[in-house]
Amino acid sequence: MNLGSLRDVRIGFYVCHCGSNIAEKVDCTAVAQYIARLPGVIVSRDYKYMCSDPGQELIQQDIRKFELNRVVVASCSPLLHEPTFREAVAAAGLNRFFFQMVNIREHVSWVHTDRTAATAKARALARAAVQRVRHHQALEPLRAPIHPDTLVVGGGISGIHAALLLANSGRHVFLVEREPSIGGRMAQLDKTFPTLDCAACILTPKMSAVRNHPNITLWTYSEVEKVDGYVGNYTVTVRRKPRYVDEDLCVGCKECIEACVYKEGKFPDEFNVGLSLRKPVYMAFAQATPQVVVIDPERCLKLKTGKCKQTCLEACADRKAIDFTQQEQHTEIKVGNIIIATGFKTFDPHRIPQYRYGILPNVITSLELERMITASGPTAGEIRLRDGAHPKSVGFILCVGSRDSRHNRWCSRTCCMHSMKLAQLVREHTGAEVTIFYIDLRAPGKGYEEFLDRSLKMGIEFVRGRVAEVTDWAMTPEEEGKLVIRVEDTLAGFVRRIPLDLVVLAVGMEPHADAQDVRRLFNMSCGTEGWFLERHPKLAPVSTFTDGLFIAGCCQGPKDIPDSVAQAGAAAAEALSLIGRGYIEQEPNTAAVDATHCSGCKTCLPLCPYSAITFDETQHKAAVNPAICKGCGTCVAGCPSGSIDQNLFTDEEILAEITGLLASE
Amino acid sequence: MKFCYYPGCSLRGTGRAYEESLLAVFQVLGVELQELADWNCCGATAYMSVDEVMACTLTARNLALAARSGLHQMVAPCSACFLALNKTKHAIAESPLIAQRVDEALQRAGLTYENGIAVRHPLDVLVTDVGLEAIRQRVRRPLTGFKIAPYYGCQIVRPYSPFDDQDRPATMDRLLQALGAEVLRYPLKTKCCGGSLTGTMAEIGLRLSYLLLREAAKRGANVISTVCPLCQFNLEAYQDDMARLWEPVRMPVLHFTQLMGIAFGLEPRQLGLQRGIVSVKPLLARLQEVAI
């Protein structure tokens, strides 16, 4: 339907109350009555929920009854419902681009307090849209095929779960992990709440499945370096760090580790959070996947100084897996979707000096205790103080770094349950007295409250109060040689001093130190706290503002294993939904050169950030390739002769919108 | 290097040894202190609690005088003065009402408040401006055998901590180490000494001071170093009363400037050491003269 003359436009205008979201600050009925008087407006209505089925039906009926050929809806952000209304308009037989949306929620009712002024602003914005929509042209969305492969970044439980779902559906997955092994934080855990099933027993089979899956390309010790393209057609460069060991030749026999010139481990072991020492050549942990050793270039004598007997080479012998000449590799892959599952880091308790972590040796973090309690850990499951003795009393301080305006304001969501789990294990393993210091106990998941009950029945003591300090300042004979926790017990109503052997700090979760770099690399948004931002907190919890880019697990915010797995599944399903459709529709907002007016000055060529403009030397004219054009509009503004125009942003449309906005009532 | 110098009342009373040693040490280091002419009471903590505007006006007069002196950095050795002066600066900067009332009052005395006066603690000046290396070079008798509990008290770190960590200050630790002393880990370094409670609710005040002394003794200290005249007085003057109430604790409590003076090889009388209540003779006996 293309209209011969602007005089033939028949506009339908609809203003949405959004329940009370808009109606509370904007007099919607008055806006509808005002717009009804504007030339070309055939029908103007207000309705409680325009996005609902009856709301959409209202528009469609009017299109048929009044032969409308333009539709304007004043409601929420186009990010939320522009696709909804375009679809509704198209279903009634109108070109979907004969539609214009006005945002009077985020831009008006949610940000203004004065109802009269807000209503006036809503009228002006609506008037501008009505003026603009007259000039809209019939367009068709651009279609591009979707590459069926997916990139998953991060090999923790979220990344592993998403990769396996995609691979099991027959799609190819690239799984990129920064560390030498996949497994992430979950691999460091002993048992998991609330069922106390062993983390390794449920995780390691999945790790092995990833390694052996024909549809998964697993790149550990690798990082994403560059991301180009858009949904369906991403080009990603992955940097594969040299591990100085050939992954295909190494069989994981660890004889090179035995043979290393360092007779004993000397460097803090990352996996055991420094509780044990490793050699320059090491396996990330016993169940590491892949079972391939890695050589630390910062520690290896051969790599650092060139001077070493290289006993590891002898040990490896004919396998020849060790390769000191290995170089960094940069591999380019093409994928249609990307799932980010980069996880979190734990809060550094040095930042709370009152708890004296790093000063008093028996103040440890929950992750350190977790490693100690694990049967395969550095103490083989024994809980010991730094002098080797067994603790008779253990205290857990919750919310270390969390729910604290001086540090992180958010709740880390897992520490209450995680500490209770550790407390139960400590009680079972050692019989020690256990006290948990909390400010609120949060146990809202399935089976979690029952787990809290179990903790109480096991005789674990709970003291409500934020701990003021941990000190070795003994005031009474019972306190001699112990750690003393000073806390205001807010249930008992007085300040207590509680002597303990071991103090465990339940450190909260934080975004990774380089989360901002990752955000920029993938063109995502972050909330103020630094967690990656979902497109909608309820309805698009794993989508981002970039199409084809999904987030799962703790990089989006603190969560436990069940929630991480659920998100990973959702992200995989979102990717599969796009892959299954086979193509994506793009906004036809591309620029085009009017060849009759183009003077061939070439001003536009260097302006285009996407190299979408070519120049025909024989005709002496520029041309925009719509398949590459991203619709940024830079060339349109830069063209001296005004001979480039952009779909959805023609000069007529923009000028009409401005005129409408500034017109007096 | 020249600073304006605000002694405050303590340094002319119970804290005379602080002033004597401070002036002697600064002279050795070639830092000139020019006493603020016609200075008045800082109001300490008491006046602030009674009438904030009047207290600020009283204190702001000193800052206005300092501005007129042309020296824009003022050294305030007493912790109470240091805090009251800084609190006044903050109050005037944050409250237009207080700023206006203070201005009006000062104008009547022909003075103008200027907010650019930096109020500095001598500890800060010594470590930041003079530097540990220059101090180390002046040491003639390293404080070998001195096991020092470094005690900062509350007022130079709370609520403002312009030059050190609020919970774990370390400036004095580093200074004393530069003098060759053994500085002990003392977790009570910023705990309350009892303040003026020793005068008003003696048993509570004494108990707080006693706990500080007992812990220092338990950790093997043979001297406590302080930055505040009131802390010094509370910790040293009531040791007999404490011995009657609890266990005996006997330990000299010195101003950090006195310890610097000892290390610089200055005469005991120059440092006011004879004014102390607990004898420092056993402590001084540990020193070895190092020929330089």
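Residues numbered from 1 in each chain as written. Chains lettered and ligands numbered in written order. Predicted model: local features only at pLDDT ≥ 70, side-chain atom pairs only at ≥ 80, totals over all residues. Heavy atoms only, no water.

**Some thoughts on the pattern of salt bridges**
All names here are of chain A.
Consideration 1: Taken as a whole and judged by the stated rule, the model has 56 salt bridges over all chains.
Consideration 2: We note a salt bridge from Arg 132 to Glu 657, for which the minimum N-O separation is 2.8 Å. Here Glu 657 lies in helix 18 (residues 651-662) and Arg 132 lies in helix 5 (residues 115-133), a separation of 525 residues in the sequence.
Consideration 3: The class for Glu 657 is partly exposed, based on a relative accessible area of 27%. (Salt bridge = Lys/Arg side-chain N within 4 Å of Asp/Glu carboxyl O. Helix = DSSP H or I, 4+ residues; strand = E, 2+ residues; numbered from the N terminus. Buried < 20%, exposed > 50% of the residue type's maximum accessible area, 1.4 Å probe, protein only.)

**Focus: the environment of Glu 433 of chain A**
Residue and element names in this part refer to chain A.
Consideration 1: With respect to the helices, strands and loops of the structure, Glu 433 is situated in strand 22 (residues 433-438).
Consideration 2: By relative accessible area, Glu 433 is classed as partly exposed at 49%.
Consideration 3: Each C-alpha atom of the pair Glu 433 and Gly 395 lies 8.4 Å from the other, and the pair is 38 residues apart in sequence.
Consideration 4: Once you skip the residues sitting within four places of it in the chain, Glu 433 turns out to touch Lys 392, Ser 393, Val 394 and Arg 427. (Contact = heavy atoms within 4.5 Å.)

**Some remarks on helix 5 (residues 96-108) of chain B**
Residue and element names in this part refer to chain B.
Consideration 1: End to end, helix 5 covers 19 Å across 13 residues, agreeing with the expected 18 Å (1.5 Å per residue, within 8%).
Consideration 2: Within helix 5 the residues assigned to the buried category are Ile 98, Ala 99, Val 102 and Leu 106. Looking straight down helix 5, one finds its buried side chains confined to an arc of 100°; they lie on one side. Those residues of helix 5 that are exposed and angled more than 90 degrees off the buried face are Pro 96, Leu 97, Gln 107 and Arg 108.
Consideration 3: Gly 110 occupies a position one or two residues after helix 5 and carries a positive phi of about 75°. (Expected span 1.5 Å × (residues − 1). Arc of directions from axis to C-beta.)

**So, the side chain of Lys 279 of chain A**
All names here are of chain A.
Consideration 1: Relative to the elements of secondary structure, Lys 279 occurs in the loop between strand 14 (277-278) and strand 15 (281-282).
Consideration 2: Salt bridges are absent for the buried Lys 279, whose nearest opposite-charge side chain, Glu 258, sits at 5.6 Å.
Consideration 3: Only 2.9 Å separates the side chain of Lys 279 from the backbone oxygen of Ile 257, close enough to count as a polar contact.
Consideration 4: Polar contacts involving the side chain of Lys 279 include one to the main-chain carbonyl oxygen of Lys 263, which spans 3.5 Å.
Consideration 5: Contact partners of Lys 279, with chain neighbours within four places excluded, come to Ile 257, Glu 258, Cys 260, Tyr 262, Lys 263, Glu 264, Gly 265 and Phe 267. (Lys, Arg positive; Asp, Glu negative; His and termini not counted. Polar contact = N/O pair within 3.5 Å; in protein donor to acceptor, adjacent residues only side chain to side chain.)

**Structural notes on unusual backbone geometry**
Consideration 1: Of note, the bond from Phe 193 of chain A into Pro 194 of chain A is cis; its omega dihedral lies within 30 degrees of zero at -5°.
Consideration 2: Of note, the bond from Arg 158 of chain B into Pro 159 of chain B is cis; its omega dihedral lies within 30 degrees of zero at -5°.
Consideration 3: Along the chain, the position of Pro 159 of chain B falls in the loop between strand 5 (147-150) and helix 8 (171-178).
Consideration 4: For Lys 254 of chain A, which is not glycine, the phi torsion reads 65° and is therefore positive.
Consideration 5: Relative to the elements of secondary structure, Lys 254 of chain A occurs in the loop between strand 12 (233-240) and helix 8 (255-259).
Consideration 6: With relative accessibility at 31%, the residue Lys 254 of chain A sits in the partly exposed group.

**With respect to the interface of chain A and chain B**
Consideration 1: Across the contact, 14 residues belong to chain A and 12 residues belong to chain B.
Consideration 2: Of the roughly 1100 Å² buried between chain A and chain B on both sides combined, carbon and sulfur atoms contribute 47%.
Consideration 3: For chain A, the biggest contributors to the area lost against chain B are Pro 353, Trp 473 and Met 475 of chain A; these three give 46% of the whole.
Consideration 4: Linking chain A to chain B there are 4 salt bridges.
Consideration 5: As a salt-bridge pair, Lys 191 of chain B and Glu 469 of chain A come within 3.0 Å of each other at their nearest N and O atoms. (Buried area = accessible area lost by both parts, 1.4 Å probe.)

**Quick word on the sheet that holds strand 2 (residues 41-47) of chain A**
Note on sheets: strands pair through backbone hydrogen bonds, and any given pair is parallel or antiparallel.
Residues and elements named next belong to chain A.
Consideration 1: The strand order across the open sheet formed by 4 strands is 2-1-3-4, and the pairing between neighbours is parallel. Each having just a single partner strand, strand 2 and strand 4 (99-103) make up the two edges of the open sheet. Neighbouring strand axes in the sheet, compared pairwise and without regard to direction, differ in orientation by 15° on average.
Consideration 2: As paired strands, strand 3 (residues 70-75) and strand 4 are joined by 5 bridges and run parallel to one another. Each bridged residue has a counterpart across the sheet, and for Ala 74 the counterpart in strand 4 is Val 102.
Consideration 3: Packing against the sheet, helix 2 (residues 53-66) makes contact with strand 1 (11-16), strand 2 and strand 3, and its axis sits at approximately 165° to strand 2.
Consideration 4: Its contacts with the sheet place helix 5 against strand 1, strand 2, strand 3 and strand 4, and it is angled at close to 165° to strand 4. (Pairing = 2+ DSSP bridges. Axes fitted to C-alpha atoms, helices over the stretch in contact; angles between N-to-C directions.)

**Notes on the side chain of Arg 123 of chain A**
Consideration 1: Mapped onto the secondary structure, Arg 123 of chain A falls in helix 5.
Consideration 2: Aside from chain neighbours lying at most four places away, what touches Arg 123 of chain A is Val 31, Tyr 34, Ile 35 and Glu 665 of chain A.

**Considering the sheet that holds strand 17 (residues 329-335) of chain A**
Residue and element names in this part refer to chain A.
Consideration 1: Spatially, the 3 strands line up as an open sheet ordered 11-12-17, and their pairing is antiparallel. In the strand order of this sheet, the two ends are held by strand 11 (222-230) and strand 17, each with one partner. Taken pair by pair, the neighbouring strands of this sheet meet at an average axis angle of 20°, ignoring direction.
Consideration 2: With 7 bridges connecting them, strand 12 and strand 17 associate as antiparallel partners. What sits directly across from Thr 237, in strand 17, is Glu 332.

**Observations regarding a nonpolar patch on the surface**
Consideration 1: Residues Phe 649, Ile 654, Leu 655, Ile 658, Leu 661 and Leu 662 of chain A make up a contiguous nonpolar surface patch of roughly 560 Å² in combined accessible area.
Consideration 2: Among the secondary structure elements, Ile 658 of chain A is positioned in helix 18. (Patch = residues over 30% accessible without salt bridge, like charges linked within 9 Å, V, L, I, M, F, W, Y side chains within 5 Å. Areas by Shrake-Rupley, 256 points an atom, 1.4 Å probe, with all protein chains shown as cover.)

**A closer look at the domain arrangement of chain B**
Residue and element names in this part refer to chain B.
Consideration 1: Split into domains, chain B comes out as domain 1 (2-120) and domain 2 (139-284).
Consideration 2: Relative to domain 2, the C-alpha centre of domain 1 lies at a distance of 25 Å.
Consideration 3: At the interface, 24 residues of domain 1 touch 23 residues of domain 2.
Consideration 4: Both faces combined, the contact of domain 1 with domain 2 buries some 2000 Å², and carbon together with sulfur accounts for 70% of it.
Consideration 5: Of all residues in domain 1, Tyr 18, Val 25 and Ser 79 bury the most surface against domain 2, accounting for 27% of the area lost on that side.
Consideration 6: Our count for the domain 1 to domain 2 interface comes out at 1 salt bridge.
Consideration 7: A salt bridge links Arg 275 to Glu 20; the nearest nitrogen and oxygen atoms lie 2.6 Å apart.
Consideration 8: Here domain 1 is connected to domain 2 by 3 residue pairs in polar contact (both at pLDDT 80 or more).
Consideration 9: Only helix 1 (16-28) and helix 4 (79-94) provide two or more residues apiece to the side of domain 1 that touches domain 2.
Consideration 10: Counting residues per element, the side of domain 1 that touches domain 2 draws most heavily on helix 1, at 9 residues.
Consideration 11: Here the side of domain 1 that touches domain 2 is composed, by residue class, of 13 nonpolar, 8 polar and 3 charged. (Domains from an automatic or database assignment. Nonpolar A, V, L, I, M, F, W, Y, C, P; charged D, E, K, R; others polar.)

**A closer look at the state of the cysteines**
One covalent bond between the sulfur atoms of two cysteine residues makes up a disulfide.
Residues and elements named next belong to chain A.
Consideration 1: Taken as a whole and assessed by the stated rule, the structure comprises 1 disulfide over all chains.
Consideration 2: Disulfide pairing is shown between Cys 198 and Cys 201; the S-S distance is 2.3 Å. On the sign convention where negative means left-handed, the S-S torsion of about 95° between Cys 198 and Cys 201 marks this disulfide as right-handed.
Consideration 3: Among the residues examined, Cys 198 registers a relative accessible area of 23% and is labelled partly exposed.
Consideration 4: The class for Cys 201 is exposed, based on a relative accessible area of 52%.
Consideration 5: In this structure Cys 604 is not part of a disulfide, and its nearest cysteine sulfur, from Cys 601, lies 6.4 Å away. (Disulfide = S-S within 2.5 Å.)

**Structural notes on the packing of aromatic side chains**
Pairs of aromatic rings are described using the distance from one ring centre to the other and the angle between the two planes.
Consideration 1: One pass over the structure, following the stated rule, counts 12 aromatic pairs over all chains.
Consideration 2: Taking the centre distance of 6.3 Å and the plane angle of 70° together, the rings of Tyr 18 of chain B and Phe 256 of chain B count as edge-to-face. Here the residue Tyr 18 of chain B occupies a position in helix 1, and Phe 256 of chain B occupies one in helix 13 (residues 256-264), the gap between them amounting to 238 residues. Both residues of the pair, Tyr 18 of chain B and Phe 256 of chain B, belong to the buried class.
Consideration 3: Centroid distance Phe 82 of chain B to Phe 163 of chain B: 6.5 Å. Interplanar angle 75°. Geometry classified as edge-to-face. With Phe 82 of chain B in helix 4 and Phe 163 of chain B in the loop between strand 5 and helix 8, the pair connects residues that are 81 residues apart, well separated along the chain. As far as the burial class goes, Phe 82 of chain B and Phe 163 of chain B line up, both buried.
Consideration 4: Across the ring face of Phe 98 of chain A, the terminal group of Arg 70 of chain A is positioned such that the distance to the ring centre comes to 4.0 Å.
Consideration 5: If you follow Lys 630 of chain A out to its NZ or CZ, it ends over the ring of Tyr 610 of chain A, 5.0 Å from the centre. (Phe/Tyr/Trp six-rings, centres within 6.5 Å; stacked < 30°, edge-to-face > 60°. Lys NZ or Arg CZ within 6 Å of the ring centre and 35° of its normal.)

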